[in-house]
Amino acid sequence: MGGMTAPLPSRTFQPVLERIAEELERRPGRGRPADYIPALAAVDPGRFGMAVAEPDGTVYGVGEWRQPFSTQSVTKVFTLALDLAREGDELWEHVGREPSGNPFNSLVQLEYEHGIPRNPFINAGALVVTDRLHTRTGDAAGTLLDFLCAESGNPQLSFSKEVADSEAAHGDRNAALGHFMASYGNIGNPVPVLLDQYFRQCSIEASCADLALATGFLARHGIRADGTRLLTRSQAKQVNAVMLTCGTYDAAGDFAHRVGLPGKSGVGGGIIAVVPGRCTLCVWSPGLDERGNSVAGVAALDRFTTLTGLSVF
Ligand code: DON
């Protein structure tokens, strides 16, 4: 048994969350907040919150788990699920499902792969998904916000105009991605319309509790909080699989190695993660590593799976 940690009892997640928060307080080095969007740069990297939601909606939390933060790329999971629910497999003809091994905002693979992004979580892929959801709904960002409000049970969730405006003012790279893919016929809406939708999507503010609850359909194999089905079992598996392999960009291998769960990060410092059939998690701490993932967030999830023995492996 040397070196093995005995799994903690899973009757309640509260003790394990408190232990993780206590351990992290003693660890130096929290990374740096994203500074490429001025509205995100001002947040204190020492902040921390974490929540775990069970499939029945019971939620546990520690630290600033009820504090809204900028969800950013975490939202890419929800737009993927919302579009997949509407169009099914046709989506996979327009966006791939392979890890890119490149930063989230990279342009390099797009030209030799003919405008088809590697996966739905790099920015290029997320733009394709949002574009397709917008075509089907007439309001991709509004559809996303309604979904998050319903699943979290929190009707107060909202867009941040400040963050969306800040993104738009510093959005040259996303604009380049949009126009480049449009030149291959892989974007259906006018690029400025798409960018407005995408920046509003990224600007949604929600807490760890909200996001852990909103992710619940992925632990329930596609079933929404109200008991209706959003995704087939197979589609829920697809979303979890692409989170595992692509959810933390060029750090996805390291994240799988350390955490062993489907996860999705955002540059606001949030990370969601799924233990299929068992629970969903959200952790927030705005200090990022050089690949754009929350330093304390990854460390907290690493400790969670180690202490509880809950991982997909
Ligand atoms: O596209 C962007 O630059 C941001 N709004 C979202 C980036 C993001 O969160 C990437 N994730 N780590």
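Going by what an unreviewed UniProt entry lists, the protein chain is known as Glutaminase and is assigned to Streptomyces nodosus. The record in UniProt for the protein chain states the following under Subunit (unreviewed entry): "Homotetramer." What UniProt states about the protein chain under its Catalytic activity (unreviewed entry) heading is, verbatim, "L-glutamine + H2O = L-glutamate + NH4(+)".

What follows covers the side chain of S160. Among the secondary structure elements, S160 is positioned in the loop between α6 (140-152) and α7 (161-169). A polar atom in the side chain of S160 sits 3.1 Å from the backbone nitrogen of V163.

Take the UniProt feature "binding site: substrate" (unreviewed entry) in the protein chain next. The sites that UniProt annotates as "binding site: substrate" (unreviewed entry) are S73, N123, E167, N174, Y198, Y249 and V267. As for its position among the elements, S73 is in the loop between β3 (69-70) and α3 (75-87). The residues touching S73, leaving out its near neighbours within four places in the chain, are N123, Y249, K264, S265 and G266. Residues in contact with V267, not counting those within four places in the same chain, are A34, Y36, L40, Q72, F104, L288 and G292.

What follows covers helix α9 (residues 191-202). For α9, spanning 12 residues, the distance from its first C-alpha to its last is 16 Å, which sits close to the expected 16 Å at 1.5 Å a residue. Among all positions in α9, only V191, L194, L195, Q197, Y198, F199, Q201 and C202 are buried. Taken together, the buried residues of α9 touch β3, α3, α5 (123-137), α6, α7 and α8 (172-183).

Another point: the site of the ligand. Around the ligand sit 13 residues in total, of which Y36, Q72, S73, E167 and Y198 are the nearest. With respect to the ligand, the side chain of Y198 contributes an N or O atom lying 2.6 Å from an oxygen atom. Split into classes, the residues belonging to the shell around the ligand amount to six nonpolar, six polar and one charged.

Scored by pLDDT, the protein chain has a mean of 94; 96% of the residues are at 70 or more. Considering only residues more than four positions removed or in separate chains, one finds that residues 1-10, a stretch of pLDDT under 50, has 11 contacts.

Before going further, it helps to examine the nonpolar core. In this structure, F78, L218 and L231 are the most contacted members of the largest nonpolar core, which totals 61 residues. Apart from residues lying up to four places away in sequence, L218 is in contact with V77, L231, A236, V239, N240, M243, V274 and P276.

This part is about α7. Burial in α7 covers these residues: V163, A164, S166 and E167. Axial view of α7: buried residues confined to an arc of 160 degrees, hence all on one face. With respect to the buried face of α7, the exposed residues turned more than 90 degrees away are K161, E162 and A169. Residues of α7 that are buried make contact with α2 (38-41), β3, α9 and β4 (205-206).

For the rest of this paragraph, the subject is the packing of α3 against helix α12 (residues 233-246). Contact geometry of α3 with α12 gives a least axis separation of 11 Å together with a crossing angle of 150 degrees. The orientation of α3 with respect to α12, classified from their angle, is roughly antiparallel. The element α3 and its partner α12 pack so that their crossing is right-handed. Note on element contacts: α12 touches α3 through Q235, Q238, V239, V242 and M243, opposite V77, L80 and L84.

The phi dihedral of H114 falls on the positive side, at around 60 degrees, and the residue is not glycine. Along the chain, the position of H114 falls in the loop between α4 (108-112) and α5. One non-glycine residue, H221, lies in the positive phi region at around 55 degrees. Here H221 lies in the loop between α11 (216-219) and α12.

The rules behind these values
- Residues numbered from 1 in each chain as written.
- Predicted model: local features only at pLDDT ≥ 70, side-chain atom pairs only at ≥ 80, totals over all residues.
- Heavy atoms only, no water.
- UniProt positions renumbered as here; feature names shortened; annotations may be inferred.
- Helix = DSSP H or I, 4+ residues; strand = E, 2+ residues; numbered from the N terminus.
- Polar contact = N/O pair within 3.5 Å; in protein donor to acceptor, adjacent residues only side chain to side chain.
- Contact = heavy atoms within 4.5 Å.
- Expected span 1.5 Å × (residues − 1).
- Buried < 20%, exposed > 50% of the residue type's maximum accessible area, 1.4 Å probe, protein only.
- Near = heavy atom within 4 Å.
- Nonpolar A, V, L, I, M, F, W, Y, C, P; charged D, E, K, R; others polar.
- pLDDT = per-residue confidence, 0-100.
- Core = buried A, V, L, I, M, F, W, Y, C linked by side-chain atoms within 4.5 Å.
- Arc of directions from axis to C-beta.
- Axes fitted to C-alpha atoms, helices over the stretch in contact; angles between N-to-C directions.
- Parallel < 35°, antiparallel > 145°, perpendicular 65-115°, else oblique.
- Left-handed = near helix turned anticlockwise from the far one by under 90°.

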